Amino acid sequence: MLPTCPLCDKLNRLHELPADELVWQFPHSVAFLGPWQFYTGYCVLVARQHYPELHVMPSSQRAVFLDEMVVLTQAIDFAFQPRKMNLESLGNQVAHLHWHLFPRRADDPETRKAVWIALDRAERDEAEKQRLQAASLARTEIASRIRAALNQMAAPTP
Ligand SMILES: [Zn+2]
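Residues numbered from 1 in each chain as written. Predicted model: local features only at pLDDT ≥ 70, side-chain atom pairs only at ≥ 80, totals over all residues. Heavy atoms only, no water.

A.B. asks: Can you lay out the sheet that holds strand E1 (residues 22–25) for me, pointing to particular residues and giving the numbers?
C.D. replies: One open sheet holds the 5 strands; their spatial order is E1-E2-E3-E5-E4, and the pairing between them is antiparallel. The strands lining the two open edges of the sheet, one partner per strand, are E1 and strand E4 (84–88). Ignoring which end each strand starts from, the neighbouring axes of this sheet average 20° apart. Sheet strands touched by helix H3 (residues 115–124): E4 and strand E5 (98–104). Its angle to E5, the strand with the most contacts, is close to 100°. (Pairing = 2+ DSSP bridges. Helix = DSSP H or I, 4+ residues; strand = E, 2+ residues; numbered from the N terminus. Axes fitted to C-alpha atoms, helices over the stretch in contact; angles between N-to-C directions. Contact = heavy atoms within 4.5 Å.)

Structure follows, in structure tokens:
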């Protein structure tokens, strides 16, 4: 744990998070409902241990962490049937391994572009920010549908 890392800090405060944000606790990672719910079901999957890169995570742990990412992807896909799942691990802002799981809607006007183009616009444009944060369902309902899919799949827990 690094005291200055916002994701380590978040993992230390799971009990303080609202019920709609903490989606699932896997053995090696924790799934959070992300803010950009225009992409219905968007989750961020954070590794429980602080590693800056996938290639420095011990291989046995990495295999499980990647499996957990795939299980969460399947659950989101099952819950919302997006046109496509976009999986990204960047870490340019917070170098603590995490995956962005973006379900891409069929009616997304920018369906062929990376979501970051829209999210970059949202940094400068409040109306765009609100559009991309708006959810078609209540956040608690989105989190609950993903959890139901994970339960049905008997997804692992710690
Ligand atoms: Zn960290």
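What follows picks up the thread again.
A.B. asks: Go over the packing of aromatic side chains with me, naming the residues and quoting the values.
C.D. replies: On inspection of all chains with the given rule, the structure shows 5 aromatic pairs. With centroids separated by 6.3 Å and ring planes inclined at 55°, the aromatic side chains of Trp24 and Phe26 adopt a geometry described as tilted. Just as Trp24 is buried, Phe26 falls in that class too. Here the aromatic rings of Tyr42 and Phe102 are separated by 4.0 Å at their centres, their planes lie at 5°, and the arrangement is stacked. Linking Tyr42 in the loop between strand E2 (29–33) and strand E3 (43–47) with Phe102 in strand E5, this pair joins segments that are 60 residues apart in sequence. On the accessibility criterion, Tyr42 (3% relative accessible area) is buried. Note on Phe102: relative accessible area 0%, which makes it buried. Through successive ring pairs, a cluster of aromatic residues spans Phe38, Tyr39, Tyr42, Phe102 and Trp116. Against the face of Phe32 rests Lys10, its NZ or CZ located 4.5 Å from the ring centre. The lysine or arginine in question, Arg131, covers the ring of Phe38, its NZ or CZ lying 4.9 Å from the ring centre. (Phe/Tyr/Trp six-rings, centres within 6.5 Å; stacked < 30°, edge-to-face > 60°. Buried < 20%, exposed > 50% of the residue type's maximum accessible area, 1.4 Å probe, protein only. Lys NZ or Arg CZ within 6 Å of the ring centre and 35° of its normal.)

A.B. asks: Report on the packing of helix H2 (residues 59–80) against helix H5 (residues 139–152), specifying residues and quantitative values.
C.D. replies: Contact geometry of H2 with H5 gives a least axis separation of 8 Å together with a crossing angle of 120°. Where H2 crosses over H5, the handedness of that crossing is right-handed. Every residue of H5 that contacts H2 at Val71, Leu72, Ala75, Ile76, Phe78, Ala79 and Phe80 is listed here: Ile142, Arg145, Ile146, Ala149, Leu150 and Gln152. When its residues are assigned to classes, the contact of H2 with H5 shows 11 nonpolar, 1 polar and 1 charged. (Left-handed = near helix turned anticlockwise from the far one by under 90°. Nonpolar A, V, L, I, M, F, W, Y, C, P; charged D, E, K, R; others polar.)

A.B. asks: Give me the lowdown on the coordination of the zinc ion, citing residues and values where you can.
C.D. replies: Bound to the zinc ion are the protein donor atoms Cys5 (SG), Cys8 (SG), His50 (ND1) and His96 (ND1), situated 2.0 to 2.3 Å from the metal. Because the angles between the 4 donor atoms bound to the zinc ion fall within 104 to 117°, the donor set is best described as tetrahedral. Sequence spacing of the donors to the zinc ion: C-x2-C-x41-H-x45-H. Of this pair, His50 sits in the loop between E3 and H2 while His96 sits in the loop between E4 and E5, placing them 46 residues apart in sequence. Using a relative accessible area of 22% as the deciding quantity, one classes His50 as partly exposed. (Donors = N, O, S within 2.8 Å, 3.2 Å for Na, K, Ca; no water. Tetrahedral: all angles 85-135°; square planar, octahedral: opposite > 155°, others 65-115°.)

A.B. asks: Before we move on, can you summarise H5 with the specific residues and values?
C.D. replies: Over its 14 residues, H5 extends 20 Å from the first C-alpha to the last, a length consistent with the 20 Å expected when each residue adds 1.5 Å. Considered for burial, the residues of H5 that qualify are Ile142, Ala143, Ile146, Ala149 and Leu150. Axial view of H5: buried residues confined to an arc of 125°, hence all on one face. Pointing more than 90 degrees away from the buried face of H5 are the exposed residues Asn151 and Gln152. (Expected span 1.5 Å × (residues − 1). Arc of directions from axis to C-beta.)

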